[in-house]
Amino acid sequence: MDTLFIAAFEVLSFGAIVVLVVLGLGIIASMMGIFNFAQGEFVLLGAYITYLVHSIGLPVVLGMLAAPIAVGALGLALERLVVRRFYAAPIVAMLGTYALGLIIREIVRGLTGGLYLSVPEPVGGSITIGTLHFAIWRCVIVVMTVLVMAASYALIAYTSLGLRVRASLENPSLARASGISTGMIYSVTFAFGAALAGLAGALIVPVFSLFADLGIRFLIQGFVAVMVGGVGSFAGPVAGASAIGTFSAALPWLMSPVIADVLVFVLAIIFIKVRPQGLVSGRGV
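Residues numbered from 1 in each chain as written. Predicted model: local features only at pLDDT ≥ 70, side-chain atom pairs only at ≥ 80, totals over all residues. Heavy atoms only, no water.

K.L.:
Describe the nonpolar core, listing the residues and the values that go with them.
P.N.:
In this structure, Phe42, Leu210, Phe218 and Ile244 are the most contacted members of the largest nonpolar core, which totals 69 residues. Not counting chain neighbours up to four residues away, the residues in contact with leucine 210 comprise Leu44, Ala47, Tyr48, Tyr51, Thr112, Leu115, Tyr116, Leu117 and Val205. (Core = buried A, V, L, I, M, F, W, Y, C linked by side-chain atoms within 4.5 Å. Buried < 20%, exposed > 50% of the residue type's maximum accessible area, 1.4 Å probe, protein only. Contact = heavy atoms within 4.5 Å.)

K.L.:
For the pattern of salt bridges, give the residues involved together with the corresponding values.
P.N.:
Overall, the coordinates contain 4 salt bridges when judged by the stated rule. In this structure, arginine 105 and glutamate 41 form a salt bridge, with 3.0 Å as the shortest nitrogen-oxygen distance. With a gap of 64 residues between them, arginine 105 in helix H4 (residues 90-112) and glutamate 41 in helix H2 (residues 39-55) connect regions that are remote in the sequence. Residue arginine 84 pairs with glutamate 79 through a salt bridge whose shortest N-O separation is 3.4 Å. With a relative accessible area of 0%, glutamate 79 lands in the buried category. Taken together, the salt bridges that share partners define one network made up of Glu106, Arg109 and Asp213. (Salt bridge = Lys/Arg side-chain N within 4 Å of Asp/Glu carboxyl O. Helix = DSSP H or I, 4+ residues; strand = E, 2+ residues; numbered from the N terminus.)

K.L.:
Explain the environment of phenylalanine 190 to me, and be specific about the residues and the numbers.
P.N.:
Structurally, the position occupied by phenylalanine 190 is in helix H8 (residues 182-208). Since its relative accessible area comes to 1%, phenylalanine 190 is described here as buried. When the C-alpha atoms of phenylalanine 190 and leucine 25 are compared, they prove to be 8.9 Å apart, with 165 residues separating the residues in sequence.

Right, here's the structure in full:
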């Protein structure tokens, strides 16, 4: 029974990490009609900025606060300078963001020397319930994910900015005719998605350590999760991330991790073939 509870907690904490990564990717895909293949490297940058702040003697928490701001600012700059030139050609945009991600990854690899670097948990220790021990930092990740999801949903659903975002998603031409600057909306959306990835990287680096290929796994899982959940809505990517995160964390308890990873992708491909609109049917982009 103890093993079952520990496994459930591991599934929940890993699922929360995947949701946090996919939330930004899903918002960009739903809003702008492109998959940001640099999203995994934005996660890596968030982790690296956290490590950098810690390495100069400042608190890790300060690095975690700086990471989403810095990565969001970089995302804004990249959208304005590069990404916005390819909105009319989504395939080219995906290749462009992949190239940007590759550049970021190799720069970080050079800065870290290809090593695995560690960052301490800001809050160490564990919570003991009976004979069970749950890592406090993983609990923090779960709570932070819930808060970020709630804040993101409230921003999109109940604010004037969210109304303009939804209008730009629903009918860009009519939104422009109504005086909404869709270009600015796209810039803010891309920056927001990048900031979420930076936050995810900052939160997970104490758990996974820092290495140059940190973002690749989460990029692949994020892409599959968005496809499984469906684009065009807020709930779709979240639902897809919950499903992929759950299977990715649960199956290694039952079989070899390598086989589990393969099985997750096979099941995802079968599901997408059977239900191409995803778990939550949103308006296609």
